[in-house]
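Commentary on secondary and tertiary structure
Each chain, written out:
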Amino acid sequence: MTDGASGVSGGGGSNAADAANDAANSAAAEAAASAVEAMGPASSQASRSAEAAMSAVEAGDVCAAEAALSQAEAASQQLSEAAQAVADIAAQTPNPTTESAAAFAAEDAQHAAAAVDTARQAVEGMKKDEGVSSCISQAPTSPTHGLALNTIEQLWA
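In short, a report on the structure.

Criteria and thresholds
- Residue indices follow the written sequence of each chain, beginning from 1 at its first position.
- Thresholds applied to this predicted model are a pLDDT of at least 70 for local features of residues and 80 or more for the giving and counting of side-chain atom pairs; totals over whole chains, interfaces and linings are not thresholded and use all residues.
- With hydrogens and water stripped out, all remaining heavy atoms of the structure feed into the side-chain values.
- Numbering of helices and strands starts at the N terminus; helices are DSSP runs of H or I of at least 4 residues and strands are runs of E of at least 2.
- Exposure is judged per residue with a 1.4 Å probe applied to protein chains only, and the accessible area is read against the type maximum: over 50% gives exposed, under 20% gives buried, and values in between give partly exposed.
- We call two residues in contact when some of their heavy atoms are within 4.5 Å.
- Only the protein chains shown count as cover for residues, and all accessible areas are computed by the Shrake-Rupley method using a 1.4 Å probe.
- Expected span of a helix: the number of residues minus one, times 1.5 Å.
- Note that the arc is defined by the directions from the helix axis to the C-beta atoms.

Glancing now at the overall build of the chain. The number of helices and strands found in the chain is five helices and zero strands. Starting at the N terminus and ending at the C terminus, the chain contains elements arranged as α-α-α-α-α. In the chain, which comprises 157 residues, the share counted as buried stands at 28%. Excluding contacts between residues fewer than 6 apart, the proportion of contacts in the chain whose partners are at least 24 apart in sequence is 77%. When the accessible surface of the chain is split by element, carbon and sulfur atoms take 55% of a total near 9,900 Å².

Put into structure tokens, the structure is as follows:
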């Protein structure tokens, strides 16, 4: 009877270990899925900002292109960090769900990085073509902007 009881006990221990393993896998899968879902806004921001930078390049607006590129780079960095976090989850608890989430996150981060690289090259090319190293203020070049000539004469009187 002792042998039979130990067999049942061993089976119960195995079931408990399986349940704990299943719980860990489930928690890791949920964490990975949540992390991928949380990447959505940064992914959208990276894409929109890279597109805005490209539009600004087409319009010849260095300041807008640099601002949009900066936003795209920041969002791409967030995506890269989030993708690494998902990869870490998958490495700690490898299962089909965590590994799939890690692959998706890595692909999303790579697409964003490629879009940012393309935008960066376009911005740098435009700055080179324009002969500028960075955004130049859009201040008016004429000191009389918005002032009537007689108002200027009164200022000097």
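Within the fold, T93 resides in the loop between α3 (62-92) and α4 (96-130). Excluding residues within four positions of it along the chain, T93 makes contact with A24, N25, A28 and T98.

A few words now on helix α2 (residues 40-59). Structural remark: α-helix, 3.6 residues per turn; residues separated by three or four positions point the same way. With 20 residues, α2 should cover 28 Å at 1.5 Å per step; its first-to-last C-alpha distance of 28 Å lies within 8% of that length. Within α2, the full set of buried residues consists of A42, S43, A46, S49, A50, A53, A56 and V57. Each buried residue of α2 lies within a common arc of 160° when the element is viewed along its axis, so the set occupies one face. With respect to the buried face of α2, the exposed residues turned more than 90 degrees away are P41, R48, E51, E58 and A59. Check the buried side of α2 and you find it contacts α3 and α4. Just beyond α2, the residue with positive phi is G60, at close to 75°.

Structural measurements only, silent on function.
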